[in-house]
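If you want the building blocks of each chain, they are given just below.
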Amino acid sequence: LKFDALPPSDTLTKAEQWRSWFGRQRPVFLAASTREGEEELILDALAATPIFDLLMVIVPRHPQRFGPVEALLKRRGIAYEKRSQLSMEVERGTQVILGDSMGEMYAYYASADLCLIGGSLLPYGGQNLIEAMRLSKAVLLGAHTYNFEHASNGAALRVNSAQDISAVLLTLMNQPDRLNEMGAKGLSLCEASLGATAKTQKLITAILKSKSGA
């Protein structure tokens, strides 16, 4: 059923606005739906990745973790801004955008160049990568993806450590054609997996008719 979900109608408009705030020439790396313990690994990767002007966007999976992740950024001395307070172009020295908003996940994906799906670096089972694939985004996953095993097979690159993330960032951010190729592959998988809603409706209708004697 998740393959049949479509982005909100304002997704691309919102993402276009955000990208103008982020800086159109800056490479943007999104860490989406991160879980406890993963932000430390991701920030380790950021510290080890010498990509000029790289901007990382971190969106914790649960809103109650916005505060703890902000505290982590402060402890590490990382220059950050919060999505809830953005209304103009971010400062050039900003390294991280903290995604402290709800209901905007599609826009986060659409405004990024490369997306890491949280819940997969540590044994949480992985969060939904289909939204990123639907928007033709290149996807990175950790080893723990049992929640989305079908969708994750062949649709993303695997990373198992901060060192892996850093190495992949250094490689892919210099290969826009490969990013596009990965995004197209993910979209193709989405399109090939459509139809569950109609099939489910048909089955439910048949069951209801049999119960009513129609």
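Structure: see above.
Parameters at a glance
- Residues numbered from 1 in each chain as written.
- Predicted model: local features only at pLDDT ≥ 70, side-chain atom pairs only at ≥ 80, totals over all residues.
- Heavy atoms only, no water.
- Salt bridge = Lys/Arg side-chain N within 4 Å of Asp/Glu carboxyl O.
- Helix = DSSP H or I, 4+ residues; strand = E, 2+ residues; numbered from the N terminus.
- Buried < 20%, exposed > 50% of the residue type's maximum accessible area, 1.4 Å probe, protein only.
- Pairing = 2+ DSSP bridges.
- Contact = heavy atoms within 4.5 Å.
- Axes fitted to C-alpha atoms, helices over the stretch in contact; angles between N-to-C directions.
- 1 Å grid on protein atoms, 1.4 Å probe; cavity = no way out; pocket = protein on both sides within 12 Å on 5 of 7 lines; lining within 4 Å.
- Points joined across faces, edges and corners; volume = space filled by probe spheres on them.
- Nonpolar A, V, L, I, M, F, W, Y, C, P; charged D, E, K, R; others polar.
- Expected span 1.5 Å × (residues − 1).
- Core = buried A, V, L, I, M, F, W, Y, C linked by side-chain atoms within 4.5 Å.
- Arc of directions from axis to C-beta.

1. Quick word on the pattern of salt bridges
Reasoning step 1: Within the structure shown, the criterion is met by ten salt bridges.
Reasoning step 2: Between D53 and R26 there is a salt bridge, with its nearest N and O atoms 3.6 Å apart. Linking D53 in the loop between α2 (38-47) and β2 (55-60) with R26 in the loop between α1 (11-22) and β1 (28-34), this pair joins segments that are 27 residues apart in sequence.
Reasoning step 3: Residue classification places D53 among the buried residues on the basis of a relative accessible area of 15%.
Reasoning step 4: E104 is the partner of R83 in a salt bridge, and the nearest nitrogen-oxygen pair spans 3.1 Å. Of the two residues, R83 sits in the loop between β3 (80-82) and β4 (96-98) while E104 sits in the loop between β4 and α4 (105-110), which places them 21 residues apart along the sequence. Each member of the pair R83 and E104 is classed as buried.
Reasoning step 5: Beyond isolated ion pairs, a larger network of salt bridges with shared partners links D10, K14, R83 and E104.

2. Considerations on the sheet that holds β2
Reasoning step 1: A sheet is described by the order of its strands in space; here seven strands give the open sequence β3-β4-β2-β1-β5-β6-β7, paired in parallel fashion. Whereas interior strands pair on both sides, the edge strands pair on one side only; in this sheet they are β3 and β7 (157-158).
Reasoning step 2: Strand direction decides the pairing type here: β1 and strand β5 (residues 114-117), joined by four bridges, are parallel. Residue pairing for β5: A32 is matched across the bridge by I117.
Reasoning step 3: Against the sheet, helix α7 (residues 162-172) makes contact with β1, β5, β6 (138-141) and β7, and its axis sits at roughly 160° relative to β5, the strand it touches most.
Reasoning step 4: Strands β5, β6 and β7 of the sheet are contacted by helix α8 (residues 176-192), whose axis makes an angle of about 80° with β6.

3. Observations concerning the layout of surface pockets
Reasoning step 1: One number sums up the size of the largest pocket: a volume of about 430 Å³.
Reasoning step 2: Surrounding the largest pocket, 22 residues form its lining, S33, R61, G103, M105 and E131 being those nearest its centre.
Reasoning step 3: A per-element tally of the lining of the largest pocket places α4 first, with four residues.
Reasoning step 4: Looking at the lining of the largest pocket residue by residue, the classes come out as ten nonpolar, six polar and six charged.
Reasoning step 5: Its boundaries defined by the atoms lining it, the second largest pocket holds a volume of some 200 Å³.
Reasoning step 6: Taken together, P27, A112, D113, S136, K137, A138, M173, P176, L179 and N180 make up the lining of the second largest pocket.
Reasoning step 7: Tallying contributions element by element places α8 first for the lining of the second largest pocket, with three residues.

4. Focus: α8
Reasoning step 1: Its 17 residues give α8 an end-to-end C-alpha distance of 24 Å, which sits within 8% of 24 Å, the value for a rise of 1.5 Å per residue.
Reasoning step 2: Tucked into the core, α8 has its buried residues touching β5, α5 (130-134), β6, α6 (149-152), β7 and α7.

5. Description of the nonpolar core
Reasoning step 1: Core analysis: the largest hydrophobic core is formed by 36 residues, its most contacted members being F22, L30, V57, Y109, L129, M133 and V139.
Reasoning step 2: Those elements that place two or more of their residues in this core are α1, β1, β2, α4, β5, α5, β6 and α8.
Reasoning step 3: Residue contributions to this core peak at six residues, all from α4.
Reasoning step 4: For L129, the contacting residues outside a window of four places in its chain are I117, V139, L141, F148, A151 and S152.
Reasoning step 5: L54, V69, I78 and L179 belong to the second-largest nonpolar core, a separate cluster that totals 30 residues.

6. Side note on the pairing of β5
Reasoning step 1: Of the two faces of β5, both are covered, the one formed by L114 and L116 as well as the one formed by C115 and I117.
Reasoning step 2: Across three bridges, β5 lies against β6 in parallel orientation. Bridge pairing in β6 places C115 opposite V139.

7. Some remarks on helix α3 (residues 66-75)
Reasoning step 1: Taken residue by residue, α3 has F66, V69, E70, L72 and L73 as its buried positions. Across the axial projection of α3, the buried residues extend over an arc of 155°, all falling on one side. Facing away from the buried side of α3, by more than 90 degrees, are the exposed residues K74 and R75.
Reasoning step 2: The elements touched by buried residues of α3 are α2, β2, β3 and β4.
Reasoning step 3: Of the residues one or two after α3, G77 is the one with positive phi, at around 70°.

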